[in-house]
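Next come the chains, spelled out residue by residue.
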Amino acid sequence: MENIKIKDIINCTQGTLILGDENTICKKFSKDTRTIKEGDIYIGIKGENFDGNLFWSKALENGAKGVIVQNIEFSKEELETYKDKVIIKVENTLEALYKIASYKRSLYKIPVIAVTGSVGKTSTKDIVANVVEQKYKTLKTIGNNNNNIGLPFTILNAPEDIEAFVLEMGMNHFGEIHLLSKIAKPSICIITNIGTSHIGNLGSRENILKAKLEILDGAENPCIIINNDNDLLHNWYEQNKHNWKIQTYGIHNQSDIHAENIVLNEENSKFDVCLENETEKITVPVGGEHFVLNSLCAIAVGKVLHIENKLIKKGIETFILTKNRMEIIELKEGIKVINDAYNSSVESVRASIEYMQHMKANRRIAVLGDVLETGKFAKSLHEEIGKIVSKNRINILICSGENAKYIVESAKMNGFDEKNIYYFENKEQIIDLLRQILQPEDVVLLKASNGMRFFDMVEELKNIK
């Protein structure tokens, strides 16, 4: 891939070169003066409560090679001070970010795998990337950089010798994945499922499907890989299988990549899958049926990219899950904490609680908080979680959050023993209770939307004597 030069940035953004050499090479980009590295190009991003443009000089002082800014006027003294640097002025730095990332993406002739879905995006991304890594030098989305700022910067900071991208695409509203797809131009589009996440913003699961399908907007003749067990995706596949190149994976509905003889254990899952008329036995290093589905998705990607079966198997069996997602933490006396507190939905709560059923435990304790962005559906969705808790082997239910009250009410209505239900106003009260009641071999699930910050309780639990 050719290096991006300042003149390329000027051309694609229609910006103005205030200072510097247009042949300067740009290898890395940053939006944070605190973490900027020598030689980076700083892009001043203006948010609702913060204007990164105001810190352009700080970026140059901290080692930036150049800056891209909007609405900044430069004095003669400033231009003299930074005469060895590069300054580009654009109408809108956020739009410039999109255009530069899109331009850089156009320079690559490599697989770009995009992953979206209501739940399971990150874990699917992790396992897919580990399979792709067996054949290609792969860059994947790190952390929560799956939005309109994180994804462009992921592409901009890709090494020159990268051979494949695996990019996670998140959204809260219509149009957001459309933008990401137009920037990333994926060649493989994955949709993990259509659930109820963000239903408060979008109004229905059907609208969520429509928003997720925006992943196709920037793709040219892509291979689409979908979870055929999901009802809405299955129906969409049946209606569109002759219009698109679609690969399916599933457990309950017969699919192109189909798991059989599934064995769910506490620490892993095992299944058989038929590939080229040969049965491969796969072991996933994380328990839970949903990780079997994630693995099937990764297998589908591997087959599209003509990766050898033995390498696909290796990629699945050696992948490491991103922190805060089904992270198992062992405390004293065999007590285990399932830290799955990065996000939440009815579907992911069900998956986590079902996973608990396969764990050896003295008692199963579910610590549940609000599922956010549920809007007018808040009451019914949290009541559904209460039903899920009641139908499974949960010994103690602990809840906190405005809408978590509906979980408590529903659990009681569906026969959960009231003596084993607790509701608290804050996390400190939850920790105090756990200090009092935890017994050897107990298993504790922490599950809530990210904004509830239930993951903050992990360190406190580690310190329980």
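Everything that follows concerns the structure shown earlier in this document.
Residues numbered from 1 in each chain as written. Predicted model: local features only at pLDDT ≥ 70, side-chain atom pairs only at ≥ 80, totals over all residues. Heavy atoms only, no water.

(A) Representation of the overall build of the protein chain within the structure. From N to C terminus, the protein chain includes 17 helices and 22 strands. The dimensions of the protein chain, computed from C-alpha atoms along their principal axes, are 75 × 55 × 40 Å. For the protein chain, long-range pairs separated by at least 24 residues make up 67% of all intrachain contacts whose partners lie at least 6 apart in sequence. A total of about 20600 Å² of accessible surface is found on the protein chain, and carbon and sulfur atoms cover 45% of it. The protein chain carries 58 positive and 64 negative side-chain charges, and their two centres are separated by 1 Å. (Helix = DSSP H or I, 4+ residues; strand = E, 2+ residues; numbered from the N terminus. Contact = heavy atoms within 4.5 Å. Areas by Shrake-Rupley, 256 points an atom, 1.4 Å probe, with all protein chains shown as cover. Lys, Arg positive; Asp, Glu negative; His and termini not counted. Charge placed at Lys NZ, Arg CZ, Asp CG, Glu CD.)

(B) Helix α14 (residues 378-391), seen in detail. The terminal C-alpha atoms of α14 lie 20 Å apart, and with 14 residues this matches the ideal 20 Å at 1.5 Å per residue to within 8%. Of the positions making up α14, those classed as buried are Ala378, Leu381, His382, Ile385, Gly386, Ile388 and Val389. Looking straight down α14, one finds its buried side chains confined to an arc of 160°; they lie on one side. Looking at the buried positions of α14, the neighbouring elements they touch are α8 (199-202), α13 (346-356), β19 (364-369), β20 (396-400) and α15 (404-413). (Expected span 1.5 Å × (residues − 1). Buried < 20%, exposed > 50% of the residue type's maximum accessible area, 1.4 Å probe, protein only. Arc of directions from axis to C-beta.)

(C) Inspection of unusual backbone geometry at higher detail. Backbone geometry places Glu333, a non-glycine residue, at a positive phi of 55°. Looking at the element boundaries, Glu333 is found in the loop between β17 (327-330) and β18 (336-339). Phi at Glu441 takes a positive value of approximately 75°, unusual for a residue other than glycine. Summarising the element assignment, Glu441 is placed in the loop between α16 (427-437) and β22 (443-447).

(D) Just the packing of aromatic side chains, in detail. Under the criterion given, the structure shown has 5 aromatic pairs. Taking the centre distance of 5.6 Å and the plane angle of 70° together, the rings of Trp56 and Tyr82 count as edge-to-face. One end of the pair, Trp56, is in helix α2 (residues 56-61); the other, Tyr82, is in the loop between α3 (76-81) and β7 (86-89), and 26 residues separate them in sequence. Looking at Tyr82, the relative accessible area reads 11%, which means it is buried. Judged by centre distance (6.3 Å) and plane angle (15°), the ring pair of Tyr422 and Phe424 falls under stacked. When its relative accessible area of 17% is taken as the criterion, Phe424 is described as buried. Each residue in the set Trp56, Phe74 and Tyr82 is aromatic and connected to the rest through ring pairs, giving one cluster. The ring of Phe174 has Lys210 sitting right over it, with the charged end atom 5.8 Å from the ring centre. (Phe/Tyr/Trp six-rings, centres within 6.5 Å; stacked < 30°, edge-to-face > 60°. Lys NZ or Arg CZ within 6 Å of the ring centre and 35° of its normal.)

(E) Inspection of the sheet that holds strand β21 (residues 421-424) at higher detail. Overall, mixed pairing links the 6 strands, which are arranged β17-β18-β22-β19-β20-β21 in an open sheet. Whereas interior strands pair on both sides, the edge strands pair on one side only; in this sheet they are β17 and β21. Between one strand axis and the next, the sheet turns through 15° on average, direction left out of account. Where β17 meets β18, 4 bridges bridge the pair, whose relative direction is antiparallel. Counterpart to Ile328 in the pairing with β18 is Ile338. Packed onto the sheet, α13 meets β17, β18, β19 and β22 and runs at close to 170° relative to β22. Its contacts with the sheet put α16 on β19, β20 and β21, and the angle it makes with β20 is roughly 160°. (Pairing = 2+ DSSP bridges. Axes fitted to C-alpha atoms, helices over the stretch in contact; angles between N-to-C directions.)

(F) Focus on the environment of Tyr422. With respect to the secondary-structure elements, Tyr422 resides in strand β21. Between the C-alpha atoms of Tyr422 and Glu280, which are 142 residues apart in sequence, the distance is 46 Å. The contacts of Tyr422, once residues within four sequence positions are left out, are Ile396, Leu397, Ile398, Cys399 and Leu433.

(G) View of the pairing of strand β14 (residues 257-264). Where strand β13 (residues 245-250) meets β14, 2 bridges bridge the pair, whose relative direction is parallel. Its bridge partner lying in β14, Gly250 is registered against His258. Relative to strand β15 (residues 269-275), β14 runs antiparallel, the two being bridged by 4 bridges. Paired with Glu260 across the two strands is Asp272, which belongs to β15.

(H) Representation of the nonpolar core. Among the nonpolar cores identified, the biggest contains 121 residues, and Ile113, Val128, Phe165, Leu296, Ile299 and Leu397 are the most heavily contacted of them. With 9 residues, helix α11 (residues 289-304) is the largest single contributor of residues to this core. With sequence-adjacent residues up to four places away left out, Val128 is seen in contact with Ile113, Val166, Ile190, Cys297, Ala298 and Val301. Ile430, Leu433, Phe454 and Ile464 belong to the second-largest nonpolar core, a separate cluster that totals 26 residues. (Core = buried A, V, L, I, M, F, W, Y, C linked by side-chain atoms within 4.5 Å.)

(I) Looking closely at the side chain of Asp8. Relative to the helices and strands, Asp8 resides in helix α1 (residues 6-13). Within the buried core, Asp8 has no salt-bridge partner, and the shortest N-O distance to an opposite charge, that of Lys7, equals 6.2 Å. Here Tyr103 takes part through its side chain, which lies 3.5 Å from a polar atom of the side chain of Asp8. Leaving out residues up to four positions away in the same chain, Asp8 has contacts with Asn3 and Tyr103. (Salt bridge = Lys/Arg side-chain N within 4 Å of Asp/Glu carboxyl O. Polar contact = N/O pair within 3.5 Å; in protein donor to acceptor, adjacent residues only side chain to side chain.)

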